[in-house]
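As a plain string of letters, each chain reads:
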Amino acid sequence: MKIDTKVGFFGKLFLLPSLFSARKNPDGAKLADLVSASDYAQWQAMKAKYIGRDSGIERWRPLFAALELYSKAIKKSDLDSKASASDTVRELAKRHDIPLNKVAYHLQVDDPRGAIKAFARSGPNDLDCFHRAVTGLESELPLIRARANAWATGDIDALRTLPPDGAREACLEAITEAGFARQLGLSDLPTRVRDTWLAAADKALAEHAQSFAMLPLEALIGPRSALPQLRARGYTVLAPDDVSADDAADSVPPAGADGTPR
């Protein structure tokens, strides 16, 4: 996704102080003033373990503090994607002169300053996001590692059965359901992003005999999967465990009613 603003380069620079101020709690409030005593005690323990000494973060909104904690914990647990599969695929495509089509949903923000002010006035209800992050992070890290290992080894059954990342889902919901998000049209943003990708997939499959696409795992498995929409469009969708390697190598994709390979 790309967010377009009707301001030039220098205008965007002038927005940076506003963005940083929007990250902070209004009226100078601290996390200890906003979250429950038990959540704050958990926060202090998690902060000491994964973030370290940082007094400034105590004035951040719970959402941003939770996301920073999540990010630091992922990195400290060696679960961040330093060398992602997408980088390898792009390099191989470049080496073999295969054209790349980058799909991005453009969200036009006509009044970025107004959007930041709206965020400051009616920011997300992020206490549940913060609670899930500080109380569930330690138990979710093994699940995140299990998902990463299942992805790396192609364990489809494990990927289907492992529960979603609760803290991440709670924080995403806090953003998309906030009042300012609805004003900007962000409440249905995941659906818009998915529909943009589906339109690009239709175009690629109509124009090329073979196409290869990359999607994040949550776009293939789970409630936001794009696969049901592909099936609804008439495509035959096979999971890796639906067909043997020999069958896949020998098979030819059937054509749709218009002759387009499915």
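The model shown is predicted, which means the values in this text are computed figures rather than measured ones.

Parameters and conventions
Residues numbered from 1 in each chain as written. Predicted model: local features only at pLDDT ≥ 70, side-chain atom pairs only at ≥ 80, totals over all residues. Heavy atoms only, no water. Helix = DSSP H or I, 4+ residues; strand = E, 2+ residues; numbered from the N terminus. Buried < 20%, exposed > 50% of the residue type's maximum accessible area, 1.4 Å probe, protein only. Areas by Shrake-Rupley, 256 points an atom, 1.4 Å probe, with all protein chains shown as cover. Lys, Arg positive; Asp, Glu negative; His and termini not counted. Salt bridge = Lys/Arg side-chain N within 4 Å of Asp/Glu carboxyl O. Contact = heavy atoms within 4.5 Å. Axes fitted to C-alpha atoms, helices over the stretch in contact; angles between N-to-C directions. Parallel < 35°, antiparallel > 145°, perpendicular 65-115°, else oblique. Nonpolar A, V, L, I, M, F, W, Y, C, P; charged D, E, K, R; others polar. Polar contact = N/O pair within 3.5 Å; in protein donor to acceptor, adjacent residues only side chain to side chain. pLDDT = per-residue confidence, 0-100.

### Describing the overall build of the chain
Looking only at helices and strands, the chain features 13 helices and two strands. Buried positions account for 31% of the 262 residues belonging to the chain. Of the roughly 16,500 Å² that the chain leaves accessible, carbon and sulfur atoms contribute 55%.

### Here's the deal with the side chain of D39
As for its placement among the helices and strands, D39 is situated in helix α3 (residues 37–50). Although D39 is buried, it forms no salt bridge, and the closest oppositely charged side chain is R132 at an N-O distance of 10 Å. Residues in contact with D39, not counting those within four places in the same chain, are F130, H131, V134 and T135.

### Some remarks on unusual backbone geometry
A positive phi angle, close to 60°, is found at D78, a residue other than glycine. Structurally, D78 is set in the loop between α4 (62–76) and α5 (85–95). Positioned with a positive phi, D97 is a non-glycine residue whose angle comes to about 55°. With respect to the helices and strands, the residue D97 is situated in the loop between α5 and β2 (106–109). By relative accessible area, which is 69% here, D97 ends up exposed.

### What to know about the packing of α4 against helix α7 (residues 127–153)
One way to put it is that α4 packs onto α7 with a least axis distance of 8 Å and a crossing angle of 10°. One element, α4, and the other, α7, form an angle in the roughly parallel class. Counted together, P62, L63, A65, A66, L69, Y70, A73 and I74 of α4 and L127, C129, F130, A133, V134, L137, L141 and I144 of α7 form the full contact between these two elements. Its residues placed into classes, the contact of α4 with α7 shows 16 nonpolar, no polar and no charged.

### Some remarks on the side chain of R147
Its location among the elements puts R147 in helix α7. From its side chain, R147 meets the backbone oxygen of P163 in a polar contact 2.4 Å long.

### Focus: the confidence of the model for the chain
Detailed reading of the predicted model is not advised wherever pLDDT is low. Mean pLDDT for the chain: 77, with 72% of residues reaching 70 or above. Per-element confidence in the chain ranges from a low mean pLDDT of 44 for strand β1 (residues 2–5) to a high of 95 for α3. Contacts for the low-pLDDT stretch residues 1–18, under 50 throughout, to residues beyond four places or in other chains number 29 contacts. Overall, residues 248–262 carries pLDDT values under 50, and its contacts beyond four positions in sequence, including any with other chains, amount to 18 contacts.

### Details of the environment of A239
Position of A239 relative to the elements: it lies in the loop between α12 (227–232) and α13 (245–250). Spatially, the C-alpha atom of A239 lies 8.4 Å from that of I156, the residues being 83 residues apart in sequence.

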